[in-house]
Amino acid sequence: MELRVNNEIHEVDVEPEMPLLWVIRDILNLKGTKFACGISQCGACTVHIDGEPVRSCSYPASAAQGKEITTIEGISLDASHPVQQAWVKHQVPQCGYCQSGQIMAAVSLLEKKPRPTDADINAAMTNICRCGTYKRIRDAIHDVAGNTAENTLAYEA
Amino acid sequence: MNKQFNSSRRKFMLTSAAISGGFALGLQLPVKAQDAVTGNDINIWVQINPDDTVTIKYARCEMGQGSMTSAPQIVADELDASWDQVHIEYVDVNEHFRMDRAWGAMVTVGSQTIRNSQEYLRNAGASARAMLVAAAASEWGVPASEINVSNGVISHAISGRESGFGALAAAAAEQAVPETVTLKDPADWHIIGQSKPRVDIPPSVDGSQVYGVDVELPGMVYASMATSPVFGGSVISFDATKALTRKGIIDVVAIDGIAVAVVADNWWRANKALAEVEIQWDTKGNGEVSNETILAQFNDSLAASDAAPMPNNTGDADQALANAEQVLEADYFTPFLSHSPMEPMGATVRITGERVDIWASTQSPEGLVGEMVNALGVEEENVYAHRVQAGGGFGRRGGSSDYARAAALIAAELPDGTPVKMLWTREEDTQHDFYRPLAMYRLKGGLDANGMISGWKARIASGSILNQMRGVPLRGGVDFTAVEGFTELPYNIPDQFQDFKLTPTHVPLGFWRTVGWSQTPFAREQFIDELAIAAGEDPYHFRLKHMAEDELSRHILVKVAEAIGWDETPAAGIYRGIATTEPYGSYTAAAVELSVNDAGVINIHRIIQGINTGHMVNPDNVIAQLEGATVWAISAAMWGEINIDQGKVQESNFHDYRLLRMAQMPVIDTVLEATGGFWGGVGEPGQAPILPAFCNAIAAATGTRVRSLPLKHHGFSLA
């Protein structure tokens, strides 16, 4: 089948039901997208399909044909995406294993809602981080959005 | 000259080894270590390059705890380097073994990296600095005492001469290694104490960080495995006929008689096929073990007459309790818990002749090497353990390297030179952990007429991690990690008696972040509240009354109480809890403010988390560790439990082993104290006071004293 990943077309010979995660990791050798639960619980495998965050561990590769797939490697060439920069600025990652998925979820949230409220963040950011970096993830998202303590309150009111 | 230089250098290496030797049992003097001091190396920790950059070696592991940044900060400070010129490089594990473990301990456990390395790291930096100064003195013909080093610049004010490190590096390497060096006064530190950004963060934001499971090699094959679902069970037989017909399947093998692995050209294919292997298991008599049988065993332990007394017992606790005005007694229960790091267990092994290469996320390079030696009978010096970032460790990757052993045994079944990446599913990971021990505590306390604790008894019933995992004998019948938190109470109680009853089950036990301190404070610090309430006193002031003025636990407790405004009445409907602990060389206290509605929904308004680490290397990283430890503790408090039925773990994945997510993240404010005089741990201590402070607040809010975890079984949920 033919898959379009990070603006490149790849011809892959895989079973139609093989989850997109394993095609990305083991066939296309893009290792930034992680396996952690395999049942859509944790979001470590989050990629974008036509701009929507999708948990690729439970998404058959065949369903992604003809769609635009973006992985962590595809959101910028040099870690220059504002979300990536905010992640470094706020020293978000600890072990870092879940952070590709967290960043993909955050990028998608900010594309839809450039000024997210705390409630928006709670609703969109459902990925698990075992190290417990949630506070810094929230701070980094608000930073990208330009939300400050003052204007966030005003915005939420 | 050369001869003298050599002998001096050898002496330095011996000294360095003597310092680090305390942490690596059986360490031989690294006479071969001088071999490593070549090229641009000044010593085994510091390399100065011609372009003025400084390479600092890091020997331990990185799994998000931050010491890959903070340990080199210590070296750079004594070196008087500029942090901007510093690059950090892992010590090569194979080189370390070939040099008789010259770099001391690589194992990264027990919040030890800074507190147990700081002395030799400071010496390494100071010694390299002294050699640069000696080189400058010699080159410029001026006394060394007139030379200053600051931010990577060596200067002589009187003559106006100045140089970077690079130009003097070759001459410095020829200098005699100083016999002794004077370490800086902490007031002069300029890199220690600074929140330097963590060096391993940039690759974590663009997908380029390489974890154990990310290693990809030419000709690699992949394996998924199933271990006996009943602990201690074995494989009677298996039928792989159907599995072998599937696409891409290469082999199906038994491992150690306790597991079956499918090898394929792709991990997903291997894992799908594994489900079609029919395996007959022998439960080895453990098929009837359940929560109920384990609980009965622990209740027997609480009543047993043959427990082992702890060495710190003083006075006559029974007499004190007999004389008390009031006596309280309570039993506390903490369950088994799994580590569940985000990266499941896995390892890549390639055997080529006598040589073994392994790539695995670990907290113990020594453990990986030792496991390869045990599993494959190869020589230590022929094992090449490659460095990767660990996707969380939390103790799972520090005690046992069982997953690396499995990968090695699979590799041994494959043609020479074939790399195999073995990876567990989340279910396999959850059900084949080395669990935080289940433990029960029976506490008795007496109050005298003045409302002071006059007598104290504690019975601790738990398995022993080291005894079960490695056959390490108990000291005087007491397991020292199970009783952490009871060995030295911060409270003045003249008559106290505590004992330990070993209670082994078939459930494998391991070091789970904060180990004994993850659970003993739940009992100890809640029982102190119970006594305070019985005495009609405020729990915070009741604690202070029992603490010496110079008690370090008191210092951080006071700071945390002040931060939450303990002596001011909270708003209506808001309640507080507080607790103090002394884990891993640091002092931590926490205060929690919450409200609970009629449906048992807990709303955490804020948590104050305080730590005194003595000296503090990287404050922002300390804050990050406190935040993370709080999340860890709240997950355990609300939902954490591993249940056993028919000898097996019932939980399997994140849907039934629930962890806190963003929407329930409480507000955390941290109080950092660095009173000096000692070096405390950072990665684990933050968790210790959270559970009891949280549960003390729940008791204050509801009148319900929760003595067994998790809270979900007591009708509580989290807003």
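Residues numbered from 1 in each chain as written. Chains lettered and ligands numbered in written order. Predicted model: local features only at pLDDT ≥ 70, side-chain atom pairs only at ≥ 80, totals over all residues.

Brief notes about the overall build of chain A
So, point 1. Assigned secondary structure in chain A consists of six helices and five strands.
So, point 2. Each helix (α) and strand (β) of chain A, taken in turn from the N terminus, gives the series β-β-α-β-β-β-α-α-α-α-α.
So, point 3. Taking 2.2 N^0.38 as the reference for a compact globule, 157 residues should give roughly 15 Å; the C-alpha atoms of chain A span a radius of gyration of 16 Å, in line with that estimate.
So, point 4. Expressed as lengths along the three principal axes of its C-alpha atoms, the size of chain A is roughly 55 × 30 × 25 Å.
So, point 5. Here chain A holds 157 residues, and 55% of them are scored as buried.
So, point 6. Put simply, of all contacts in chain A between residues at least 6 apart along the chain, 61% involve residues at least 24 apart. (Helix = DSSP H or I, 4+ residues; strand = E, 2+ residues; numbered from the N terminus. Rg over C-alpha atoms; globule rule 2.2 N^0.38 Å. Buried ≥ 20, exposed ≤ 12 C-beta atoms within 10 Å, placed from the backbone. Contact = placed C-beta atoms within 7 Å.)

Side note on the nonpolar core
Residues and elements named next belong to chain B.
So, point 1. Membership of the largest hydrophobic core comes to 271 residues, with the highest contact counts inside it found for Val262, Ile358, Ala407, Ile410 and Val560.
So, point 2. Of the residues forming this core, the biggest block, 13 residues, is contributed by helix H4 (residues 113-140).
So, point 3. In contact with isoleucine 358, not counting residues within four places along its chain, are Ala347, Thr348, Val349, Leu368, Met372, Val383, Ala385, His386 and Ala404. (Core = buried A, V, L, I, M, F, W, Y, C linked by C-beta atoms within 7 Å.)

Section: the domain arrangement of chain B
All names here are of chain B.
So, point 1. Segmenting chain B into domains produces domain 1 (2-203), domain 2 (212-284 + 345-423) and domain 3 (291-337 + 434-718).
So, point 2. When each unit is reduced to the centre of its C-alpha atoms, the spacing between domain 2 and domain 3 is 37 Å.
So, point 3. Along the lines of polarity and charge, the residues of the side of domain 2 that touches domain 3 split into four nonpolar, six polar and one charged. (Domains from an automatic or database assignment. Nonpolar A, V, L, I, M, F, W, Y, C, P; charged D, E, K, R; others polar.)

Focus: the sheet that holds strand S2 (residues 54-58) of chain B
Residues and elements named next belong to chain B.
So, point 1. As summarised here, the arrangement of the three strands in space is S1-S2-S3, forming an open sheet in which the pairing is mixed. The outermost strands of the open sheet, each flanked by one partner alone, are strand S1 (46-48) and strand S3 (86-90). For this sheet the average axis-to-axis angle between neighbouring strands, irrespective of direction, equals 25°.
So, point 2. As defined by bridge partners, S2 adjoins S3 across five bridges and the pair is classed as parallel. Its bridge partner being in S3, valine 54 is matched across the sheet by valine 86.
So, point 3. Seen against the sheet, helix H2 (residues 67-79) touches S1, S2 and S3 and runs at an angle of roughly 130° to S2. (Pairing = 2+ DSSP bridges. Axes fitted to C-alpha atoms, helices over the stretch in contact; angles between N-to-C directions.)

Re the packing of helix H17 (residues 619-639) of chain B against helix H18 (residues 690-702) of chain B
Residues and elements named next belong to chain B.
So, point 1. H18 packs onto H17 with a crossing angle of 55° between their chain directions and a minimal axis gap of 9 Å. Judged by the angle between their axes, H17 and H18 are oblique. Where H17 crosses over H18, the two elements pack in a sense that is right-handed. Residues Thr630, Ala633, Ile634 and Ala637 of H17 form the contact with H18, whose own contacting residues are Ile690, Leu691 and Phe694.
So, point 2. Tallied by class, residues from the contact of H17 with H18 come to six nonpolar, one polar and no charged. (Parallel < 35°, antiparallel > 145°, perpendicular 65-115°, else oblique. Left-handed = near helix turned anticlockwise from the far one by under 90°.)

Some details on the pairing of strand S20 (residues 495-502) of chain B
All names here are of chain B.
So, point 1. Buried residues dominate S20, accounting for eight of its eight residues.
So, point 2. Across the two faces of S20 the burial is the same, with Asp495, Phe497, Asp499 and Lys501 and Gln496, Gln498, Phe500 and Leu502 all buried.
So, point 3. Where strand S12 (residues 308-309) meets S20, two bridges bridge the pair, whose relative direction is antiparallel. When the sheet's bridge partners are listed, proline 309 is paired in S20 with aspartate 499.

A few points about the sheet that holds strand S16 (residues 383-386) of chain B
All names here are of chain B.
So, point 1. Pairing is mixed in the open sheet, where seven strands are placed in the order S9-S10-S7-S17-S14-S15-S16. If you trace the sheet from one side to the other, it starts and ends with strand S9 (249-255) and S16, each paired once. Strand-to-strand twist in this sheet, taken as the mean axis angle between neighbours without regard to direction, amounts to 20°.
So, point 2. In the sheet, strand S15 (residues 355-359) pairs with S16 via four bridges, with the strands oriented parallel. Looking at the pairing, isoleucine 358 lines up with alanine 385 of S16.
So, point 3. Together, strand S14 (346-352), S15 and S16 form the strand contacts of helix H10 (residues 365-376), whose direction differs from that of S16 by roughly 140°.
So, point 4. Across the sheet, helix H11 (residues 402-411) touches strand S7 (221-227), S9, strand S10 (259-264), S14, S15 and strand S17 (420-423), and the angle it forms with S14 is around 40°.

What to know about the interface of chain A and chain B
So, point 1. At the junction of the two partners, chain A supplies 44 residues and chain B supplies 46 residues.
So, point 2. Broken down by secondary-structure element, the contributors of at least two residues to the side of chain A that touches chain B are helix H1 (20-27), helix H2 (82-89), helix H3 (99-112), helix H4 (118-124) and helix H5 (134-145) of chain A.
So, point 3. Element by element, the count of residues in the side of chain A that touches chain B is highest for H5 of chain A, at four residues.
So, point 4. Within the side of chain A that touches chain B, the residues separate by chemical class into 23 nonpolar, 14 polar and seven charged.

A closer look at the domain arrangement of chain A
Residue and element names in this part refer to chain A.
So, point 1. Under the domain assignment used here, chain A contains domain 1 (2-74) and domain 2 (82-156).
So, point 2. If you look at the interface, domain 1 gives 15 residues, while domain 2 gives twelve residues.
So, point 3. Among the elements that line the side of domain 1 that touches domain 2, the one with the most residues is strand S3 (residues 46-49), at three residues.

With respect to H3 of chain A
Since the α-helix packs 3.6 residues into each turn, any two residues three or four apart lie on the same face.
All names here are of chain A.
So, point 1. With 14 residues, H3 should reach 20 Å at 1.5 Å per residue; the first-to-last C-alpha distance of 20 Å fits that figure.
So, point 2. Here H3 lies mainly inside the structure; eleven of its 14 residues are buried.
So, point 3. Among all positions in H3, only Gln99, Ser100, Gly101, Gln102, Ile103, Met104, Ala105, Ala106, Val107, Leu109 and Leu110 are buried.
So, point 4. Buried residues along H3 sit against S3, strand S4 (52-55), H2, H4 and H5. (Expected span 1.5 Å × (residues − 1).)

Looking at the packing of H2 of chain B against H4 of chain B
A pair of packed helices can be characterised by two numbers: the angle between their axes and the separation between those axes.
Residue and element names in this part refer to chain B.
So, point 1. Across the interface, H2 lies against H4 with an axial gap of 7 Å and an inter-helix angle of 35°. In this structure, the crossing between H2 and H4 has a hand that is right-handed. On H4, the residues that touch Ser67, Ser70, Ala71, Ile74, Val75, Ala76, Asp77, Glu78 and Leu79 of H2 are Thr113, Ile114, Ser117, Gln118, Leu121, Arg122, Ala124, Gly125, Ala126, Ala128 and Arg129.
So, point 2. Grouping the amino acids of the contact of H2 with H4 by side-chain chemistry returns ten nonpolar, six polar and four charged.

Some words on the pairing of strand S6 (residues 161-164) of chain B
Residue and element names in this part refer to chain B.
So, point 1. Judged from the four bridges that link them, strand S5 (residues 153-156) and S6 form a sheet pairing that is antiparallel. Within S6, the residue paired with valine 153 across the bridge is glycine 164.
So, point 2. Between S5 and the antiparallel strand that follows it, S6, lie four residues; glycine 160 among them carries a positive phi value of about 75°.

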